[in-house]
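Structural characterization, general
The primary structure of each chain is shown beneath.
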Amino acid sequence: MTFPLLDTALPSGADAREHAVLLRRVHDALLTGRPTPAPLRPVIEDSWGRMRRFGIDPDSAPPPRMARLDELQRHRDASPIAEVLPLIRRSLVSVADEAEHIMLVTDAAGQVLWREGSHRMRAVGDRVGLVEGAYWNEGSTGTNAIGTALVVGRPVQVYSAEHYVRNLHALTCACAPVHDPRDGRLLGAIDVTGPVSTIHPATLALVNAVAQLAEAHLQGIHHTHLERLRSVAAPLLAGLSCPALVVDDTGWTAAAVHMEPVRRVLLPKHCESGTAWLPGLGECALEPLPGGWLVRPRPVEGAAPSTVTLDLARPGTPSVSVAGDSGEWVQRLSPRHTELLLLLAVHREGRSAVQLSRDVFGSDKHVVTVRAELSRVRRNLGGVIESRPYRFSDEVRVRVLGPDSPLDLLPGSLAPGVRALRDRTRPEDLFDCSGR
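Given the structure is predicted, the values throughout are model-derived calculations rather than measurements.

What to know about empty space enclosed by the protein
By the definition in use, this model includes 3 cavities of 30 Å³ or more. Its volume calculated, the largest cavity comes out at about 50 Å³. Lining the largest cavity we find L130, W136, N144, I146, H163, L168, L171, C173, D191 and T193. Partitioned by chemical class, the residues of the lining of the largest cavity number 6 nonpolar, 3 polar and 1 charged.

Structure representation (structure tokens):
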């Protein structure tokens, strides 16, 4: 379990009321072009930059977009978070009710799927559109904990006039994203919102702990599924004399015979019966099983991958796809692996572990961490990344699909190398890295 950086809104030792007054002065100054009495936190400053590019009016922003009731119900039914909703309710609803807060659970698009808590705060939420079915991404409601946490991919607290839209200045909110433990896919977020007078740094820690607990329970559900798949496949594997793996639909290994088991197999984007080249295994025969696949490596040379595409176009959903003659494979990326692959894509000549340590951490004291992370990447993308120096293979074409503006490149990243890339003024300067 990881413990991400907590973006608490109230500086240590600061008086909440005085800080709210200061934030309102900062808000007024920035929107009128005057010098500010204090800087915004970087996560808020970056978000406000996005609001200006979106053209959101802080004084007359439109109400949030609403989903129809039947559409809301479909999204609830399809959300994996529904499986852990009772856990989230037990952990937060009583606390939110007693503290005059409301608890909200959203999907990855920022749509509020469930809302519970204080009757008083539900009435306040009704007035500002913080209701079930409303979209609270940044593009709909400006800077807010839900939308901003979904963009940067980590827990965020937003206080008073840190909200870009003025009619939200009476609120404080803390939000943490929830990811699928199988592949890192963003599933949604958990938020606690209350009156501005109730600001407390511990609120963000509580929400983050519940989000982490929800992910742990989702992982437990996944392990139960793997155990079931292992039981189903046991008689089949017992009769095989050749190397084979049984994996679930997302490539996680349930069982293996006559070979060293790998933790996960990168399956083709559109998995079908037949043969396919799989990273780390080579040419393999694929056969469907109830809830998964039988994978049998073949001792023949298959076509190696020819194109790697790093998709960073949408904040919070980075992925890498590997394509070749035998198909295409897509893998969700962790924030750290995304940073490393982007830096290698930009620096096709390669980077040493020391250089990458400086690029990612700002010092050369994290070489061991860089090597460990790249070792995991190389296992997942066999034959694509080389070492000494670390670089993409000369045999593959590398493409980067980035946002329209370099300023929106990995908005949640604090890596010096990534922040330097954001300063480039022309997108073509950043993403012209497709040559062999």
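Okay, back to it.
Let's talk about the state of the cysteines
For the structure on display, the rule yields 0 disulfides. Counting only cysteine sulfurs, C175 is the nearest neighbor of C173, a cysteine outside any disulfide, at a range of 7.9 Å. In this structure C284 is not part of a disulfide, and its nearest cysteine sulfur, from C271, lies 11 Å away. The class for C284 is buried, based on a relative accessible area of 0%.

So, the UniProt feature "domain: GAF" (unreviewed entry) in the protein
According to UniProt, the feature "domain: GAF" (unreviewed entry) maps to residues 112-217 in the numbering used here. Helix makes up 37% of residues 112-217 and strand 27%, and the two end C-alpha atoms of the span are 21 Å apart.

Structural notes on helix α3 (residues 69-78)
Of all the positions in α3, only E71, L72 and R76 are classed as buried. Buried residues of α3, viewed axially, fall in a sector of 140°; they line one side. Across from the buried face of α3, at angles greater than 90 degrees, the exposed residues are D77 and A78. In this fold, the buried residues of α3 make contact with β2 (112-117).

Here's the deal with helix α2 (residues 42-54)
Here α2 is 13 residues long and its end C-alpha atoms lie 18 Å apart, about the 18 Å a rise of 1.5 Å per residue gives. The inward-facing, buried residues of α2 contact α1 (16-32), α6 (138-141), α7 (145-152) and β3 (156-159). Looking at the residues trailing α2, positive phi occurs at G55, about 75°.

Quick notes on unusual backbone geometry
The step from R388 to P389 runs through a cis peptide bond, and the omega angle for that step is -5°. Mapped onto the elements, P389 comes out in the loop between β14 (385-386) and β15 (391-392). The backbone of E100 sits at a positive phi, close to 60°, despite the residue not being glycine. Relative to the elements of secondary structure, E100 occurs in the loop between α4 (85-98) and β1 (102-107). Here R388, not a glycine, exhibits a phi torsion of approximately 55°, which is positive. Residue position: R388 is located in the loop between β14 and β15.

Focus on the sheet that holds strand β6 (residues 244-248)
For sheets, the rule is that strands pair by backbone hydrogen bonds, running either parallel or antiparallel. With antiparallel pairing, the 5 strands of this open sheet are ordered in space as β7-β6-β10-β9-β8. Every interior strand has two partners, whereas the edge strands, β7 (253-257) and β8 (274-278), have only one. Ignoring which end each strand starts from, the neighbouring axes of this sheet average 30° apart. As paired strands, β6 and β7 are joined by 4 bridges and run antiparallel to one another.

A closer look at the environment of A174
In this structure, A174 sits in strand β4 (residues 171-179). The class of A174 is buried, set by a relative accessible area of 1%. For the pair A174 and S357, spaced 183 residues apart in sequence, the C-alpha separation works out to 31 Å. In contact with A174, other than residues within four places in its own chain, are A145, V156, Q157, I190, D191, V192, T203, L204 and V207.

Some points on the packing of aromatic side chains
In this structure the tally under the stated criterion is 1 aromatic pair. When the ring of W48 is compared with that of Y164, the centres are 5.4 Å apart and the planes differ by 75°; the resulting orientation is edge-to-face. Here the residue W48 occupies a position in helix α2, and Y164 occupies one in the loop between β3 and β4, the gap between them amounting to 116 residues. Under the relative-accessibility criterion, W48 is labelled buried at 0%.

A short note on the sheet that holds β1
Spatial strand order, β2-β1-β5-β4-β3: 5 strands in an open sheet with antiparallel pairing. Taken across any chain shown, the strands that pair with only one partner, and hence form the sheet edges, are β2 and β3. Each adjacent strand pair in this sheet contributes to an overall mean axis angle of 15°, direction not counted. Note that β3 and β4 share 4 bridges and pair antiparallel. Counted as the bridge partner of V158 is C173 from β4.

What counts and how
Residues numbered from 1 in each chain as written. Predicted model: local features only at pLDDT ≥ 70, side-chain atom pairs only at ≥ 80, totals over all residues. Heavy atoms only, no water. 1 Å grid on protein atoms, 1.4 Å probe; cavity = no way out; pocket = protein on both sides within 12 Å on 5 of 7 lines; lining within 4 Å. Points joined across faces, edges and corners; volume = space filled by probe spheres on them. Nonpolar A, V, L, I, M, F, W, Y, C, P; charged D, E, K, R; others polar. Disulfide = S-S within 2.5 Å. Buried < 20%, exposed > 50% of the residue type's maximum accessible area, 1.4 Å probe, protein only. UniProt positions renumbered as here; feature names shortened; annotations may be inferred. Helix = DSSP H or I, 4+ residues; strand = E, 2+ residues; numbered from the N terminus. Arc of directions from axis to C-beta. Contact = heavy atoms within 4.5 Å. Expected span 1.5 Å × (residues − 1). Pairing = 2+ DSSP bridges. Axes fitted to C-alpha atoms, helices over the stretch in contact; angles between N-to-C directions. Phe/Tyr/Trp six-rings, centres within 6.5 Å; stacked < 30°, edge-to-face > 60°.

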